[in-house]
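Close look at the chain arrangement
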Amino acid sequence: MLRRLIATSVVALFVLPWSSAAQTVDPGAIRVGDQWAYNIKDGLTGNLRNAITIVVAETNDREITTRVTYQGKDRPQTNVYGPDWGRIDDGTWKLRPSGIGIKKPLQIGKEWKSDADGMNLQSGVAFHASGAAKVVAQEPVATPAGTFDTFRIDMTVRMINTRDQSRLQNWTFVVWYAPAINRWVKRTSEWRQEGRVRDSYTEELTGYSRKP
């Protein structure tokens, strides 16, 4: 009997490799007070660039408004997203409609696209952004906040200067989205311009909580 129980347990580990993670529970809709913390590391060196905390300040059917605190800065920044985390206004970029987000429900093979007009709030340059995304896998991802069941989503965004179409930026994102926390636990970003890598970095979850 004991041998049968052990054998059954071993099989379960292979059939249900994420069964030990508690992150499979649906947390329900995003609500005020939900909080995520991330470390941002340089894509080349792996060195820590910053640590941020994101708290939901307001939410409705159209928008998620957050307050983002950066380590070492006293004043938080207000970032606004669509209900699917598509960017609307993050202090650097402003888009209408929102940028490419996470189109749920997710399943392997699902694809979607986005088109938006926007402006760089620092330079004043107007641009058009076109994006494409595809769910390519389901993967367990270990972070400092724990191990999570995730959907891996590969994304590309092409941003073209509306006054000079020869000037464009290509962004590539890999997003590991965890339904159990309503956000990603890891995301890599790479920016290319004129065929050269201009920047790359990784966001990794260090903490998550919901307001009681």
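Residues numbered from 1 in each chain as written. Predicted model: local features only at pLDDT ≥ 70, side-chain atom pairs only at ≥ 80, totals over all residues. Heavy atoms only, no water.

1. Brief notes about the packing of aromatic side chains
- Per the counting criterion, the structure on display carries 7 aromatic pairs.
- Their ring planes at 90° and their centres at 5.4 Å tell us that Trp36 and Trp85 sit as a pair that is edge-to-face. Of this pair, Trp36 sits in strand β1 (residues 35–42) while Trp85 is found in the loop between β4 (77–81) and β5 (87–89), placing the two residues 49 residues apart along the sequence. Trp85 carries the same exposure label as Trp36, and that label is buried.
- For the ring pair Tyr81 and Trp85, a centre distance of 5.2 Å and an interplane angle of 70° mean the geometry is edge-to-face.
- Residue classification places Tyr81 among the buried residues on the basis of a relative accessible area of 10%. (Phe/Tyr/Trp six-rings, centres within 6.5 Å; stacked < 30°, edge-to-face > 60°. Helix = DSSP H or I, 4+ residues; strand = E, 2+ residues; numbered from the N terminus. Buried < 20%, exposed > 50% of the residue type's maximum accessible area, 1.4 Å probe, protein only.)

2. So, the pattern of salt bridges
- Going through the model one piece at a time under the given rule, you end up with 10 salt bridges.
- A salt bridge links Arg198 to Glu194, with the shortest nitrogen-to-oxygen separation between them at 3.1 Å.
- A residue is classified by how much of its surface remains accessible, and Arg198, at 38% relative accessible area, is partly exposed.
- Taken together, the shared-partner salt bridges connect Asp42, Arg49 and Asp199 into one network. (Salt bridge = Lys/Arg side-chain N within 4 Å of Asp/Glu carboxyl O.)

3. Let's talk about the pairing of strand β11 (residues 183–193)
- Pairing between strand β10 (residues 168–178) and β11: 9 bridges, direction antiparallel. Following the sheet pairing, Trp171 is matched in β11 by Trp191.
- Between the antiparallel neighbours β10 and β11 lie 4 residues, among them Asn182 with a positive phi of about 60°.
- The pairing of β11 with strand β12 (residues 196–209) spans 8 bridges and is classified as antiparallel. (Pairing = 2+ DSSP bridges.)

4. Some words on the side chain of Asn182
- Along the chain, Asn182 turns up in the loop between β10 and β11.
- You can call Asn182 buried: its relative accessible area is 4%.
- Residue contacts for Asn182: discarding those within four places in its chain leaves Pro27, Gly28, Ala29, Ile30, Trp36, Trp85, Lys104, Tyr177 and Arg210. (Contact = heavy atoms within 4.5 Å.)

5. A few points about the environment of Leu121
- By the secondary structure assignment, Leu121 is in the loop between β7 (111–120) and β8 (126–143).
- Residue classification places Leu121 among the partly exposed residues on the basis of a relative accessible area of 39%.
- Leu121 sits 30 residues away from Gly91 along the chain, and the two C-alpha atoms are 6.8 Å apart.
- Ignoring any residue separated from it by four or fewer positions in sequence, one finds Leu121 in contact with Asp89, Gly91, Thr92, Trp93 and Lys94.

6. A closer look at the environment of Lys94
- The residue Lys94 is located in strand β6 (residues 93–96) in this model.
- For the pair formed by Lys94 and Asp117, sequence separation is 23 residues and the distance between their alpha carbons is 8.4 Å.

7. Comments concerning unusual backbone geometry
- Cis geometry is found at the peptide bond from Arg96 to Pro97, where omega equals -10°.
- Within the secondary structure, Pro97 sits in the loop between β6 and β7.
- A cis amide bond, omega 0°, links Lys104 with the succeeding residue Pro105.
- With respect to the element layout, Pro105 can be found in the loop between β6 and β7.
- Positive phi values are uncommon outside glycine, yet Trp85 reaches one of about 70°.
- Even without a glycine there, the phi angle at Glu194 is positive, about 55°.
- Along the polypeptide, Glu194 turns up in the loop between β11 and β12.

Coordinates in, geometry out; function isn't part of it.
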